[in-house]
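Here is how the chains run, residue by residue.
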Amino acid sequence: MVALATPALAEAPRVLVIGDSLLSWNSVSGQSVADRLEGLLSGEVRDRSVGGARLIYNLPITGAMGLSIPKQYRKVDRDAGWDWIVVNGGGNDLLFGCGCQKCDRKLGKLISEDSQRGAIPKLVARMRADGAKVLWLGYLRSPGVDSPIDSCRDEGDILEARIEHLAERDEGMVFLSIADMVPEGDRSYHGVDMIHPSRKASLAIARRIAKVIGQD
């Protein structure tokens with residue numbers, strides 16, 4: 001068993017996790033990013049992330065069930081006293097929502113070129129207004145081998161650059177890139193579908209998140 005180093009904290013933080021399958025993957029085996037993060041921080045980590053979730057999702061019933069990332073952040077969270085909210089999203093919006101035809105328009109709806117408008121700034125503003133710090137997590141990159149997400153690489157880079165710019169304006173928000181995590185040619189950070197994180201990757205991601213939160 002791998003020993004997990006716990007950051008030195010005066011008091012364990014309360015953390016909410018929302019987003020898509022990058023965060024929820026491996027939860028069946030108890031080894032998702034949120035599962036690993038809870039072990040690292042030795043504090044409460046509540047996970048509402050859902051595979052396939054999008055930032056822009058208009059169906060009310062399934063959206064309320066978690067396929068809408070903004071709806072994963074609920075009214076009860078306003079007074080819940082979360083210290084940090086770990087969130088990711090946008091990948092499914094680009095991969096499935098624009099069909100490689102209208103990505104510029106979809107990017108603009110997610111977050112504008114000046115990083116001031118769109119679904120992402122709106123969600124961050126809600127969470128920050130309730131007092132929580134926000135850690136927005138970027139996506140894994142493919143290791144230079146065939147992957148269904150390779151066609152969205154350029155759009156993903158633009159999306160993350162805009163989110164990073166948003167974070168630069170708010171000391172209570174951190175953008176955490178994991179674009180450098182996967183070595184060239186190393187398939188071990190992805191599952192067999194070459195999209196979702198392996199258990200190894202979930203742990204590596206959780207360690208990076210814990211390092212940021214542990215410095216608070």
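Procedures and definitions
- Residues numbered from 1 in each chain as written.
- Predicted model: local features only at pLDDT ≥ 70, side-chain atom pairs only at ≥ 80, totals over all residues.
- Heavy atoms only, no water.
- Buried < 20%, exposed > 50% of the residue type's maximum accessible area, 1.4 Å probe, protein only.
- Helix = DSSP H or I, 4+ residues; strand = E, 2+ residues; numbered from the N terminus.
- Arc of directions from axis to C-beta.
- Contact = heavy atoms within 4.5 Å.
- Salt bridge = Lys/Arg side-chain N within 4 Å of Asp/Glu carboxyl O.
- Axes fitted to C-alpha atoms, helices over the stretch in contact; angles between N-to-C directions.
- Left-handed = near helix turned anticlockwise from the far one by under 90°.
- Nonpolar A, V, L, I, M, F, W, Y, C, P; charged D, E, K, R; others polar.
- Polar contact = N/O pair within 3.5 Å; in protein donor to acceptor, adjacent residues only side chain to side chain.
- Pairing = 2+ DSSP bridges.

(A) Geometry of helix 2 (residues 33-41). Those residues of helix 2 lying buried are V33, A34, R36, L37, L40 and L41. Down the axis of helix 2, the buried set is contained in an arc of 160 degrees. They therefore lie on one face. Residues of helix 2 that are buried make contact with strand 1 (15-18), helix 1 (21-24), strand 2 (45-47), strand 3 (84-87) and helix 9 (199-214). Positioned one or two residues after helix 2, S42 has a phi angle of 55 degrees, which is positive.

(B) How the structure looks around the pattern of salt bridges. With the rule as written, the count across this model stands at nine salt bridges. R46 serves as the salt-bridge partner of E44, at 2.9 Å between the closest nitrogen and oxygen. With its nearest N and O atoms 3.6 Å apart, the salt bridge here joins D130 to R78. Here R78 lies in the loop between helix 4 (69-72) and strand 3 and D130 lies in the loop between helix 7 (119-129) and strand 4 (133-137), a separation of 52 residues in the sequence. Judged by relative accessible area, R78 falls into the exposed class, the value being 53%. Salt bridges linked by common partners bring R14, E44 and R46 together as one network.

(C) Summary view of the packing of helix 7 against helix 8 (residues 153-168). For the pair helix 7 and helix 8, the least separation of the axes is 11 Å and the interaxial angle reads 35 degrees. Judged by the sense of rotation from one axis to the other, the crossing of helix 7 with helix 8 is right-handed. Contacts between helix 7 and helix 8 involve I120, P121 and V124 from the former and L159, I163 and L166 from the latter. Taken together, the residues of the contact of helix 7 with helix 8 break down into six nonpolar, no polar and no charged.

(D) Main features of the side chain of S32. Among the structural elements, S32 can be located in the loop between helix 1 and helix 2. Exposure remark for S32: the relative accessible area of 0% places this residue in the buried category. In terms of polar contacts, S32 uses its side chain to reach the side chain of D35, at 2.9 Å. Setting aside residues no more than four positions away along its own chain, S32 makes contact with L23, S24, W25, N26, S27, D47 and S202.

(E) Structural detail: the sheet that holds strand 5 (residues 173-176). What the five strands build is an open sheet, ordered 2-1-3-4-5; its pairing is parallel. This sheet does not close on itself; its edge strands, each paired only once, are strand 2 and strand 5. In this sheet, neighbouring strand axes are inclined to one another by 20 degrees on average, regardless of whether the strands run parallel or antiparallel. Summarising the sheet, strand 4 and strand 5 pair through four bridges and their orientation is parallel. Looking at the pairing, W136 lines up with F175 of strand 5. Running at roughly 175 degrees to strand 2, helix 2 makes contact with strand 1, strand 2 and strand 3 of the sheet.

In short, shape yes, function no, at least from these values alone.
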